[in-house]
Amino acid sequence: MTGTTGSIDTGTLWTVIVGMAVFSFALRFVFIGLMGDRPMPEWLMRHLRYTAVAIIPALVAPLVAWPPATGGELDLPRLTSALVTIGIGLLTRNVLLAIISGAGTLYILLWLVA
Amino acid sequence: MAFSTTKSAFWRGARDSAPFVLVAGPFGMLFGVLAAEAGLKVVEAMTFSLTVFAGSAQFTALQLMQENAPTIIVLISALAVNLRVAMYSASLTPYLGAAPLWKRAVAAYFMVDQSYALSIVKFETEPDLSIDERLAYFFGTNAIIAPLWYSATLAGALMGSKVPQGLALDFVLPITFLALIAPMLRTPAHVVAALVAIVTALLAAGLPYNLGLIVAGLAGMIAGARVEVELRRRGAWT
């Protein structure tokens, strides 16, 4: 239960797959299946709007600041590539272009450093 | 008559989804490759994509399982990443709520970013569509994307360990997620939500059981909602 990287236990994996299958469907079904045409509470919608833009950066931030691949040392190529990805994504609103720019930056810098 | 218009609505949905081929293909393959790298068998990766059918949630679960996070944290975090589909479901309910329950159940399974985004635009701009045409359009948006997502996962899972070392695959996930998030930062409230979540995640990284992620996510959501309320009060919300 420490933060070490290791292989995934088969029992855990299947628990996660089945759990996610059931609950992912429940999330998608709850309103369209059960709510009918009743309006949603506004406060709930207001918080749901920000789940993706909150939880995804929260997941990524530690991986950028302390990459497991470098043993948790801040890494210039990875940090720069993350910033380039965000910058291109904000400027162009193009997901694919942002990925290509970020990956290109990472490979060029890793090659220069090596 | 009704048959031919629903049929054409289905194909229009499929045609409108074409640009998303460029997202679902590479994204599905990436999941297959990373799953194989993490030690998942092909059948495990495929079951994952077929039953869960939610890319970003699958990547999140994969990452956290490799960090040996407790199962309950893996589930909560992955579902939190996917909470937006509940919002999609709520938002499409006025348009699809009149369909029979079993059709709504099938539609629920196919509720993903691209089917929602295409459908809500279609339904708002063409309010005269019948319920059958709306459903046909909605399913059409997944006619290409869903099979592509499954087959790309399969291709990636089969390639898996054959991908050369030194490709820095550890950083593909952060790059992909950042690229997905950047275009979603449309309003000051979205930006504040992301910034608060990032700062909290870094400060709370020491919390046990990867709880920092949950705390940071909640902090970001509350911050975003507060900013939205404040902007609305000042009449600055668009």
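Residues numbered from 1 in each chain as written. Chains lettered and ligands numbered in written order. Predicted model: local features only at pLDDT ≥ 70, side-chain atom pairs only at ≥ 80, totals over all residues.

Visitor: Pulling in residues and values, what's your account of the interface of chain A and chain B?
Guide: Chain A puts 70 residues into the contact, and the matching count from chain B is 80 residues. When residues of the side of chain A that touches chain B are traced back to their parent elements, those giving at least two are helix 1 (10-35), helix 2 (42-48), helix 3 (51-65), helix 4 (76-92) and helix 5 (95-113) of chain A. Element by element, the count of residues in the side of chain A that touches chain B is highest for helix 1 of chain A, at 19 residues. Classifying every residue of the side of chain A that touches chain B gives 46 nonpolar, 18 polar and six charged. (Contact = placed C-beta atoms within 7 Å. Helix = DSSP H or I, 4+ residues; strand = E, 2+ residues; numbered from the N terminus. Nonpolar A, V, L, I, M, F, W, Y, C, P; charged D, E, K, R; others polar.)

Visitor: Can you tell me about the domain arrangement of chain B, naming the residues and giving the values?
Guide: Many analyses report the size of an interface as the accessible area lost when the parts associate. Residues and elements named next belong to chain B. Per the domain assignment, the segments of chain B are domain 1 (2-169) and domain 2 (185-238). Relative placement of domain 1 and domain 2: their C-alpha centres are 26 Å apart. At the junction of the two partners, domain 1 supplies eight residues and domain 2 supplies six residues. Take the side of domain 1 that touches domain 2: its biggest share by element is four residues, from helix 5 (residues 71-81). (Domains from an automatic or database assignment.)

Visitor: Account for the packing of helix 1 of chain A against helix 4 (residues 55-66) of chain B, with residues named and values stated.
Guide: Remark: helix 1 of chain A packs on helix 4 of chain B, axes separated minimally by 12 Å, with the N-to-C direction vectors making an angle of 155°. Judged by the angle between their axes, helix 1 of chain A and helix 4 of chain B are roughly antiparallel. The two elements helix 1 of chain A and helix 4 of chain B meet at a crossing, and its hand is right-handed. Within the contact between the two elements, helix 1 of chain A uses Thr12, Leu13, Val16, Met20 and Ser24 of chain A and helix 4 of chain B uses Ala57, Ala61 and Met65 of chain B. Residue composition of the contact of helix 1 of chain A with helix 4 of chain B, by class: six nonpolar, two polar and no charged. (Axes fitted to C-alpha atoms, helices over the stretch in contact; angles between N-to-C directions. Parallel < 35°, antiparallel > 145°, perpendicular 65-115°, else oblique. Left-handed = near helix turned anticlockwise from the far one by under 90°.)

Visitor: Run through the packing of helix 3 (residues 42-52) of chain B against helix 10 (residues 145-159) of chain B, naming residues and quoting values.
Guide: Each pair of packed helices can be described by the angle between their axes along with the distance between the axes. All names here are of chain B. Axis separation between helix 3 and helix 10 bottoms out at 9 Å; the angle between their running directions is 160°. Overall, the two elements helix 3 and helix 10 adopt an arrangement that is roughly antiparallel. Regarding helix 3 and helix 10, the two cross each other, and that crossing is right-handed. Each of Val42, Ala45, Met46, Ser49 and Leu50 in helix 3 lies in contact with helix 10, whose residues at this interface are Trp149, Tyr150, Thr153, Leu154, Ala157 and Leu158.

Visitor: Describe the domain arrangement of chain A, listing the residues and the values that go with them.
Guide: For chain A, the assigned domains read domain 1 (11-49) and domain 2 (52-114). Summarising the inter-unit geometry, the C-alpha centres of domain 1 of chain A and domain 2 of chain A are found 30 Å apart.

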